Amino acid sequence: MPRFAANLSMMYAEHAFPDRFAAAARDGFQAVEFMFPYDWQKDALATRLQDAGLLNVLMNAPPGDWLAGERGLAALPGRQDAFRSSIDAALSYADAFACPRIHVMAGVAPEGVDRALCLDTYKENLSWAADQARTAGRTLLIEPINTRDMPGYLLNRQADAHAIVSDIDSPHLRVQMDLYHCQIMEGDLTTKLRALLPTGRVGHLQIAGVPDRHEPDQGEVNYAHLFDVIDTVSAQCGWDGWIGAEYRPRYGAETGGTTRGLGWVQPWLKRGS
Ligand SMILES: O=C(O)C(=O)[C@H](O)CO
Ligand SMILES: [Mg+2]
């Protein structure tokens, strides 16, 4: 049976972020993920998480200056100190939330910087970070992101992410396989899931409708079919990860909000919530 986590950075936007934990629990989610909790005091958010009886299954490391266009630091030459500080911060927050997984974003190639140098920087930084994660008992994730939503992002395809994870060869570095991005960049989702889940290198899945990034019951991807595929392959290979619902709800606060669009996940939500 697939296990779904509500992404509180995109869902429940009709509530202030700290209030989204209780909102997701009321709807029956048992786990949440989110991107960047760093604007909030970690113990206060940890209390919201615990009061709502939720697991936090994924969070992101600080991405650099998001408003200035930065989308991660891991592959940026000359930013090693900032990268290492971002990992320290992420591990501290992950400890407060008992969060096992941290998405470490690669970054957007700076103008005129050689992609080969970025890749070398990426591997060097990830090797160091995976060792920090080992000590802390966490797992880092790298995610291929589509070039339409994030032009210039330095990791776009599943095979490249798996090659990096294989090269670094640490149990504390895995792939975050976002099926929304994978559909846009590559397609062939059924075959990719059947091939990649058994490798042991996929640490987390995410979903959203394609192309509008709304609920997964809208758009070109048949997620009901993919949930069956994930169930079948997981039973065969023992994959026991979570699936993050990382989408922008189609209903706003005035027309029912996030809750109204949860029909797609009802069979898997906790009863009596
Ligand atoms: O963009 C995505 O799909 C992600 O999962 C990142 O964590 C946030 O950009
Ligand atoms: Mg994603």
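Residues numbered from 1 in each chain as written. Chains lettered and ligands numbered in written order. Predicted model: local features only at pLDDT ≥ 70, side-chain atom pairs only at ≥ 80, totals over all residues. Heavy atoms only, no water.

Draft legend 1. Examining the environment of Gly-28 more closely. Summarising the element assignment, Gly-28 is placed in the loop between α1 (20-26) and β2 (31-33). As for Gly-28 and Leu-269, which are separated by 241 residues in sequence, their C-alpha atoms are 4.8 Å apart. (Helix = DSSP H or I, 4+ residues; strand = E, 2+ residues; numbered from the N terminus.)

Draft legend 2. Local environment of the coordination of the magnesium ion (ligand 2). At this site the magnesium ion (ligand 2) is bound by Glu-143 (OE), Asp-178 (OD), Gln-206 (OE1) and Glu-246 (OE), with donor distances of 2.0 to 2.1 Å. Classification of the site at the magnesium ion (ligand 2) rests on its six donor atoms, whose angles at the metal span 76 to 171°, yielding the label octahedral. One chain supplies every donor for the magnesium ion (ligand 2), spaced along it as E-x34-D-x27-Q-x39-E. Of this pair, Gln-206 sits in strand β7 (residues 202-207) while Glu-246 sits in the loop between β8 (243-245) and α9 (257-260), and the two are 40 residues apart along the sequence. (Donors = N, O, S within 2.8 Å, 3.2 Å for Na, K, Ca; no water. Tetrahedral: all angles 85-135°; square planar, octahedral: opposite > 155°, others 65-115°.)

Draft legend 3. Structural context of the UniProt feature "domain: Xylose isomerase-like TIM barrel" (unreviewed entry) in the protein. UniProt records the feature "domain: Xylose isomerase-like TIM barrel" (unreviewed entry) at residues 21-265, using the numbering of this structure. Across residues 21-265 one finds 41% helix and 13% strand; the C-alpha atoms that close the span lie 17 Å apart. (UniProt positions renumbered as here; feature names shortened; annotations may be inferred.)

Draft legend 4. Inspection of the UniProt feature "active site" (unreviewed entry) in the protein at higher detail. Per the UniProt record, "active site" (unreviewed entry) is annotated on Glu-143 and Glu-246. The annotated residues occupy 104 residues of the chain but converge on a single region, no pair of C-alpha atoms lying more than 13.1 Å apart. In contact with Glu-246, not counting residues within four places along its chain, are Asn-7, Met-10, Glu-33, Met-35, Glu-143, Asp-178, Gln-206, Ile-207, Ala-208 and Arg-213. (Contact = heavy atoms within 4.5 Å.)

Draft legend 5. Region of interest: the site of ligand 1. Surveying the vicinity of ligand 1 reveals 14 residues, the closest of which are Asn-60, His-103, His-181, Arg-213 and Glu-246. In this structure, an oxygen atom belonging to ligand 1 sits 2.7 Å away from a side-chain N or O atom of Arg-213. A distance of 2.8 Å separates an oxygen atom of ligand 1 from a polar side-chain atom of Glu-246. For ligand 1, whose free accessible area comes to 260 Å², the fraction covered by protein is 97%. Broken down by class, the residue content of the shell around ligand 1 amounts to five nonpolar, five polar and four charged. (Near = heavy atom within 4 Å. Polar contact = N/O pair within 3.5 Å; in protein donor to acceptor, adjacent residues only side chain to side chain. Areas by Shrake-Rupley, 256 points an atom, 1.4 Å probe, with all protein chains shown as cover. Nonpolar A, V, L, I, M, F, W, Y, C, P; charged D, E, K, R; others polar.)

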